[in-house]
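# Topology and contacts: notes
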Amino acid sequence: MKDNIVLEMKNIHKSFPGVRALQGVDFKLCKGEVHALMGENGAGKSTLIKVLTGVYEKDDGEIYLEGNEKAVVIRSPQDAQNLGISTVYQEITLCPNLSVAENMYIGRTSSMLRDWKKMNADAEKILKSLDIPATATQELSSCSIAVQQMVAIARAVDMECKVLILDEPTSSLDEQEVEKLFKLMRDLKKRGVSIIFVTHFLDQVYEICDKITVLRDGKLVGEFEIKDLPRVQLVAKMLGKEMDDMSDIRGEHAVYAGEDAGLSVFEAEGLVSDAGIKPFDFHIKKGEVNGFTGLLGSGRSECVRAIFGADRVLGGTAKKGGKTVKITKPLDAMKQGIGYLPEDRKRDGIVGDLSVRENIILALQVLKGFFRPFSKAEANKFAEEYIKLLDIKTASADTPIKSLSGGNQQKVILARWLLTHPEYLILDEPTRGIDVGTKVDIQKLVLKLASEGVSVTFISSETDEMLRTCSRLVVMRDRKVVGELSGDELTQSMIMSTIAGGDKE
Amino acid sequence: MNAKVSKKFSISELVMKLVRHQLFIPIAALLLLAIFNLINDPSFYKVTLGYSSTGDPVLSGYPITILDFGSELAILAIGMTLVTAATGGQDISVGATIAISGSVVLRMLCGPDGRAETMQMPIVVAFLISCVVAMLCGAFNGVLVAYFKIQPMVATLILYTAGRSIAAWINNNRLPIVKEESFKVFGGFIPGIPIPTPFFIALACIILMTLVLRFTNLKLYTQAVGINESSARLNGLNPAMIKFITFVILGICVAVAGLIKVSRLSTINYSVVAKDIEMDAILAVALGGNALSGGKFSMGASILGAYVIQFLTTTLYKLEVPSDALSAYKAIVVILLVVMSAPTVRKWFSDLGKKLKAKASVKEVG
């Protein structure tokens, strides 16, 4: 049994200023297994991975490889790679302006001279064998996010690794792509590669993994065989308490009972932007939660960006509360009481070096105007209020937002828009890449806002999440609105068949 | 026991905090220079009160020189800090635009032939006209950077190259001379006050900027744009406009510095006036611990940085380093500065700090 162990981490400690990210964590990985690493945001998953791959230096603890008595020293990602540990991170860490083949081979050839033809041919072969829809000479940035992610995986796979770490590889993939990835993972497993799989998707864990290690608050909760740990218990272990909030929330649609309940808050007709979507019609009523659904790349984000004026609007009309309004830039939309939480938190959401406080007040401050800054006391009051309200885990309001965990960053962005007291809030993938607990928090918050009369458009790649929160869904396919579902039509199968299309219309 | 340990920790943490503070590098550099001069030759600090040709009291000595010329630099550092923060790039046309705005002042005061006996208009009006011209130069740079998305250094290279020729052309390549003494006030002394006027002008600029930063959102906006332009836009900001405005503000700073420069000589030398001053201004921003790649900034640190740079220059002059060799010596400082603020060196320092801390706590426990 001992010989079977590929990797063992013992008593790993790691602290950052103000946070003890890992406190004596053990981790064992056997040959040819897929091992899920689970935990809420801030549980220490990413830190453990980064210690293993040499991105962070551990404060204490040992790492053993393949049953060797001697602990290995991993000081840099290069070291890790040489030891056969490859990683695909959640955020893509490739060079977008290089070609696909260059990205796959960058930093791996020892000689300065390289045979471009051979490199491209090799890359082409790998891409084909993994069924990745890209060509070797294509510039990486011209591929979709999903394909870029797969190229990153292809790069790692080709490094003849013993341990492959997949840090949330599926968060930007659609179902077919996930299926392809799983096929690939099973292949690798047969070849004896051990895989550490970090994900928030419970379904995927139960579909592909053999074992689960659960972390909570930087400590090890335990290692479990998949068959011994039912889902409910896994969630309970991750959250540290027995709870069935997930079922609590199910089917409980928001009910707004104000007098103006049926009135339309926002309407769009023939709206079209330069992001390549077909003109679409849209409306949302007061206190309503609706959503855009469709496969990745179907244009759901582009629609809400057009509503908010984030992309250049080329045509169509928008009406706010029955009056025609002109929205050509985000500020116009904000002045109409519209808030927008963008899909890509890192690129479009956070202002990394600024403090949590400044990130919270930013939108309201811009609305208030250049010549009327909030006093320090006011800003602090707002920040403290929302840090408490949304239970944002941060050392203080002065902490730079970039040092918070993903889920807490998302809460800060949410706080930013809540502070503007929007009439209409657009949330594009607010729950992507964040833990189960925060997901439930955000879903509950959406329903609470709606019951207070705020209209919300909610976008998520998890359809059950949308079914739980939305009372009406706009379905998109190929950058076109292809249907609208509400009431009894709101079922998984109905959504699937509408997305898939056919000749019913 | 516990209290003792935590006290020990708080002291070492305080030291760490101090080292990490943005003002640490400029203050450390200032102290280093001050101590060096004290050891080398204490007479460096001698300030003497004398009388000018008009019989007014004037102070002189190296510290006064630093105050005098450092002030020019401080004014420029204000604008350069904003441009750096918003665009993540620098304006290298500052020296050349000083030549332009200075030339405009002289053209206005001395008339078309440059030989008028009396000033042709009030100095204020001439200055305001030069202000407009300098702001237009800034606007030109700003348009290229903000709307045409050209890299700041490349965009400002245009005026860097052409500026001095334009300055000469404004006065038909003549060298106008202002003959009235009252014009000398801005680069010299106010009658009755022994401290150089540039210091008061800089002080006024600093106070004005402090008020602007206090009563507007200029700081939040420029920082947000410099850190994450895309996010800033989605929060309703207009990043292009903000970048543009920072260049225009730098234009105003340039006009003020230009007035001081021509006032010092009552005339202008197109090819050498304010030569390489942009490099000193950029260096002041960097010495202040501000990232040249933009984002968060500290205005105070930049201003302090400006005076430290002048301290260095004056020290080198005192050591009789020929002015041509000056840049070579400054380069050494730049190297030190860049290395000191490099992430790897910073990490090395913080690791060292941690080790010391660990040792201290071990001792404490033992």
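Once a new chain begins, its residue numbering starts again from 1 and follows that chain's sequence as written. Note on labels: chains are lettered from A, ligands numbered from 1, in written order. Per-residue local features of the predicted model are confined to residues with pLDDT of at least 70, and side-chain atom pairs are confined, for both listing and counting, to 80 or more; whole-chain, interface and lining totals are unaffected and use all residues.

## With respect to the overall build of chain A
Where we set the bar: Put simply, DSSP H or I for four residues or longer makes a helix, DSSP E for two residues or longer makes a strand, and each gets a number counted from the N terminus. Only C-alpha atoms enter the radius of gyration, while the globule expectation follows 2.2 Å times N to the 0.38, with N the number of residues. Working definition of burial: number of other C-beta atoms within 10 Å of the residue's own, with buried at 20 or more, exposed at 12 or fewer, and partly exposed in between, all C-beta atoms being placed from the backbone. C-beta atoms are placed from the backbone for every residue, and two residues are taken to be in contact when these atoms lie within 7 Å.
Along the backbone of chain A there are 18 helices and 19 strands. A compact globule built from 505 residues should have a C-alpha radius of gyration of about 23 Å, and chain A, at 24 Å, falls within 12% of that. Along the longest, intermediate and shortest principal axes, the C-alpha atoms of chain A span 70 × 50 × 50 Å. Each of the 505 residues in chain A was classed as buried or not, and the buried ones make up 47%. Counted over contacts in chain A with a minimum sequence separation of 6, partners at least 24 positions apart contribute 68%.

## Description of the nonpolar core
For soluble globular proteins, nonpolar side chains are generally found buried alongside one another. Going by this rule: Residues of type Ala, Val, Leu, Ile, Met, Phe, Trp, Tyr and Cys that are buried and joined through C-beta atoms within 7 Å form what is called a nonpolar core. Source of the domain bounds: an automatic or database domain assignment.
Ranked by size, the top nonpolar core spans 167 residues in total, and within it L76(B), A77(B), A224(B), C253(B), V256(B) and A281(B) carry the most contacts. If you tally residues by element for this core, the top one is helix α10 (residues 239-265) of chain B, at 15 residues. Each of domain 2 (254-337 + 423-505) and domain 3 (346-421) of chain A accounts for three or more of the residues forming this core. Core analysis: the next-biggest nonpolar cluster, separate from the first, contains 71 residues, I74(A), I165(A), M185(A) and V205(A) among them.

## Considering the sheet that holds strand β19 (residues 480-486) of chain A
All names here are of chain A. We count it as follows: Strand pairing is assigned whenever DSSP detects at least two bridges linking the two strands. Lines are fitted to the C-alpha atoms to define the axes, a helix being fitted only along its stretch in contact, and any angle between axes, read from their N-to-C directions, falls within 0 to 180 degrees.
The sheet built from six strands is open, its strands ordered β15-β16-β17-β12-β18-β19 with mixed pairing. Each of the sheet's edge strands pairs with one partner strand only, and the pair in question is β15 (338-341) and β19. Ignoring which end each strand starts from, the neighbouring axes of this sheet average 20 degrees apart. Looking at chain direction, strand β12 (residues 289-294) and strand β18 (residues 472-477) are connected through five bridges and run parallel. Bridging across to β18, G291 finds its partner in L473. Where helix α16 (residues 436-451) meets the sheet, its contacts fall on β12, β16 (424-428) and β17 (455-459), and the angle it forms with β17 comes to roughly 155 degrees.

## Structural notes on α10(B)
What counts is decided by this rule: Expected helix span is taken as 1.5 Å per residue step, with the number of steps being one fewer than the number of residues.
In this model, α10(B) (27 residues) spans 40 Å end to end at C-alpha, consistent with the 39 Å of a helix rising 1.5 Å per residue. Looking one or two residues past α10(B), S266(B) carries a phi angle of roughly 65 degrees, positive in sign.

## Here we look at the interface of chain B and chain A
Taken together, the contact pairs 18 residues of chain B with 23 residues of chain A. For the side of chain B that touches chain A, the secondary-structure elements that each account for two or more residues are α8 (218-227) and α9 (229-234) of chain B. It is α9(B) that contributes the most residues to the side of chain B that touches chain A, five residues altogether.

## Quick look at the environment of A80(A)
Residues and elements named next belong to chain A. Tracing the chain through its elements places A80 in helix α2 (residues 77-82). On the basis of neighbour counts, which here come to 22 C-beta atoms within 10 Å, the residue A80 falls in the buried class. Here the alpha-carbon distance between A80 and A310, two residues 230 residues apart in the chain, equals 41 Å. With residues near it in sequence (within four places) discarded, A80 still touches L52, T53, G54, I74 and I85.

## Details of helix α13 (residues 356-368) of chain A
What counts, and what does not: One fitted axis covers the seven residues ending at a residue, a second covers the seven starting there, and the bend at that residue is the angle between these axes.
Compared with an ideal rise of 1.5 Å per residue, which puts 13 residues at 18 Å, α13(A) spans 19 Å between its outermost C-alpha atoms and is within 8% of the ideal. At L362(A), α13(A) is bent by approximately 50 degrees, the largest bend along its length. Counting buried residues along α13(A), eleven of its 13 residues qualify, which places the element largely inside the surrounding structure. Within the sequence span of α13(A), burial applies to V356(A), R357(A), E358(A), N359(A), I360(A), I361(A), L362(A), A363(A), L364(A), Q365(A) and V366(A). Packed against the buried residues of α13(A) are α11 (330-335), α14 (376-389) and α15 (406-419) of chain A together with α8 of chain B.

## A closer look at the domain arrangement of chain A
Reports often express the size of an interface as the amount of accessible area lost when the parts come together. Residue and element names in this part refer to chain A. Using the following cut-off: Residues are grouped as follows: Ala, Val, Leu, Ile, Met, Phe, Trp, Tyr, Cys and Pro are nonpolar; Asp, Glu, Lys and Arg are charged; every other residue, Gly included, is polar.
Domain boundaries assigned for chain A yield domain 1 (2-248), domain 2 (254-337 + 423-505) and domain 3 (346-421). Put simply, the middle of domain 2 and the middle of domain 3, counted by C-alpha atoms, are 25 Å apart. Listed as interface residues are eight residues of domain 2 and, on the opposing side, eight residues of domain 3. Class assignment of the residues belonging to the side of domain 2 that touches domain 3 gives a composition of four nonpolar, two polar and two charged.

## Details of the packing of helix α11 (residues 277-287) of chain B against helix α12 (residues 299-318) of chain B
All names here are of chain B. Selection criterion: These descriptions rest on fixed angle ranges, namely under 35 degrees for roughly parallel, over 145 for roughly antiparallel, 65 to 115 for roughly perpendicular, and the rest for oblique. Each helix crossing is assigned a hand: it is left-handed if the near helix lies turned anticlockwise from the far helix by less than a right angle, otherwise right-handed if that turn is clockwise.
One way to put it is that α11 packs onto α12 with a least axis distance of 7 Å and a crossing angle of 125 degrees. Relative to α12, α11 is oriented oblique. As for how α11 packs across α12, the hand of that crossing is right-handed. Contacts from D280, L283, A284, V285 and L287 of α11 reach α12 at S302, G305, A306, V308 and I309. Grouping the constituent residues of the contact of α11 with α12 by class yields seven nonpolar, two polar and one charged.

## Observations regarding the confidence of the model for chain A
Operational definition: pLDDT measures how confident the predictor is about each residue, on a scale from 0 to 100.
For chain A, the average pLDDT comes to 84, and 91% of its residues sit at 70 or higher. Note that pLDDT drops below 50 for residues 243-250 of chain A; the model gives that stretch nine contacts with residues more than four away or on any other chain.

## Details of the sheet that holds strand β4 (residues 60-65) of chain A
All names here are of chain A. Pairing is antiparallel across the open sheet formed by three strands, whose spatial order is β2-β1-β4. If you trace the sheet from one side to the other, it starts and ends with β2 (19-30) and β4, each paired once. Across the sheet, the mean angle separating the axes of adjacent strands is 10 degrees when strand polarity is ignored. Where strand β1 (residues 5-16) lies against β2, nine bridges are found, and the strand directions are antiparallel. Along β2, the bridge assignment pairs K14 with L22.

## Looking at the pairing of strand β7 (residues 194-198) of chain A
Residues and elements named next belong to chain A. Most of β7 is tucked away: five of the five residues are buried. The pairing of strand β3 (residues 34-38) with β7 spans four bridges and is parallel. From the neighbouring strand, A36 faces β7, where its bridge partner is F197. For strand β6 (residues 163-167) and β7, the ladder comprises five bridges, and the chain directions are parallel. Looking across to β7, one finds that I165 is bridged to I196.

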